[in-house]
Amino acid sequence: MIEASQTSAPSVKQCCANVYGSAAAKYLLGDSFHPGGLRLTEELAGLLALTPDSLVLDVASGKGSSAFFLAERLGCRVVGVDLSEENVQQANAEALAKRLSEKVEFQLGDAESLPFESGAFDAILCECAFCTFPSKAVAAAEFYRVLKTGGRVGISDITKDDSPLPGLDGLLAWIACIGDAQSLNQYADWLTKAKLKVAISQQRDHYLQEMVQAIRGKLLVADILIGLKKLELPGLDLQQAKAFSTAAQGAIATGHLGYGLIVASKVG
Ligand SMILES: C[S@@+](CC[C@H](N)C(=O)[O-])C[C@H]1O[C@@H](n2cnc3c(N)ncnc32)[C@H](O)[C@@H]1O
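All of the points below concern the structure found in this document. Model, not experiment: these values are computed from the prediction. (Residues numbered from 1 in each chain as written. Predicted model: local features only at pLDDT ≥ 70, side-chain atom pairs only at ≥ 80, totals over all residues. Heavy atoms only, no water.)

1. Examining the packing of helix H9 (residues 205-227) against helix H10 (residues 238-253)
It is at 10 Å that the axes of H9 and H10 come closest, and there the two elements cross at 160°. For the element pair H9 / H10, the angle class is roughly antiparallel. Crossing hand, H9 versus H10: left-handed. For the pair H9 and H10, the contacting residues are Leu208, Gln209, Val212, Gln213, Arg216, Leu219, Ala222, Asp223 and Ile226 in the first and Leu238, Gln239, Ala241, Lys242, Ser245, Thr246, Ala248, Gln249 and Ile252 in the second. (Axes fitted to C-alpha atoms, helices over the stretch in contact; angles between N-to-C directions. Helix = DSSP H or I, 4+ residues; strand = E, 2+ residues; numbered from the N terminus. Parallel < 35°, antiparallel > 145°, perpendicular 65-115°, else oblique. Left-handed = near helix turned anticlockwise from the far one by under 90°. Contact = heavy atoms within 4.5 Å.)

2. What to know about the sheet that holds strand S5 (residues 147-160)
Two pairing modes exist for strands in a sheet, parallel and antiparallel, and in both the strands are linked by backbone hydrogen bonds. Read across the sheet, 7 strands follow the order S3-S2-S1-S4-S5-S7-S6 without closing on themselves; strand pairing throughout is mixed. Across the chains shown, the open sheet's two edge strands, defined by having one partner strand only, are strand S3 (104-108) and strand S6 (197-203). Each neighbouring strand pair of the sheet contributes to a mean axis angle of 15°, computed without reference to strand direction. Each of strand S4 (121-127), S5, S6 and strand S7 (257-265) is contacted by helix H3 (residues 37-47), which is oriented at about 25° to S7, the strand it contacts most. Packing against the sheet, H9 makes contact with S5, S6 and S7, and its axis sits at approximately 135° to S7. (Pairing = 2+ DSSP bridges.)

3. Things to note about H3
Where H3 is concerned, the buried positions are Gly37, Leu40, Thr41, Leu44 and Ala45. For H3, the angular spread of buried residues about the axis comes to 145°, placing them on one side. Among the structural elements, helix H4 (65-74), S4, S5, H9 and S7 are those in contact with the buried residues of H3. Just beyond H3, the residue with positive phi is Ala49, at close to 55°. (Buried < 20%, exposed > 50% of the residue type's maximum accessible area, 1.4 Å probe, protein only. Arc of directions from axis to C-beta.)

4. Section: the packing of helix H6 (residues 136-146) against helix H8 (residues 184-193)
Contact geometry of H6 with H8 gives a least axis separation of 8 Å together with a crossing angle of 55°. On the basis of the axis angle, H6 is oblique to H8. Along this stretch, H6 crosses H8, giving a crossing that reads as right-handed. Touching Lys136, Ala137, Ala140 and Phe143 of H6 are Tyr187, Trp190 and Leu191, all from H8.

5. Focus on unusual backbone geometry
Although it is not a glycine, Arg99 adopts a positive phi angle of roughly 55°. Look at Arg99 and you get exposed, because its relative accessible area is 77%. One non-glycine residue with positive phi stands out, namely Lys229, at about 60°. Inspection of the secondary structure puts Lys229 in the loop between H9 and H10.

These figures come from the coordinates and say nothing about function on their own.
This is how it looks when you write it as structure tokens:
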């Protein structure tokens, strides 16, 4: 496990990608790695006005669950890009198994250097990942570049105010998307500086509360199953994860930590 002091941009990015490709992430989060799951993805898709003609880029697509949802529910064509090789391989295998390879594909790539031509996409989705990008200015500029004029970007993300959050620091904080989480206004500023016009910015804190509660339940079960040697989650420090989730629950209850969404468009 990388030490908490190793929070340089490249090690954070790669470590984050490795963790989100791991068995522990799958056990704790399932296949949809963001608060609100596909309910919130559906809401964002509505705000992005996606249609079967839309070509959507899912930035930091994880296991691909949102991309599959958009293709199956709305008929969109979706390209997912993620920094985790494991996630990209698994998601492409899943696309084959679902017979969706014509509509959905996944590529290895970095949000800060998107491997696509300018003006290629009608819409961009980026769920629970913008906060982890070390250079938000570069990622936002990349969103602008690969969007068509008139295209929209929808972000959902962890939000955090300026108060110090005891027990929620170090590398685990980066992995849990808290390390460089900011307020919705600050995220909106990054998009505005990249020439995107912000139209909607709203909190959805209850989704984070639900997710942390569900994770705490799974950690308790994991403790028992690991003790009985019926489960292995290599790389996961259960006690550290439990303490972290307790601190997160407190920060959500006091309004310092939350979850929100933003929709912006490329007007020119
Ligand atoms: C919290 S998960 C969210 C995954 C997915 N959007 C979802 O909601 O299920 C964060 C994802 O961001 C990916 N990631 C982190 N940094 C990235 C970067 N710079 N470029 C592309 N993907 C990145 C990780 O590999 C991981 O799959």
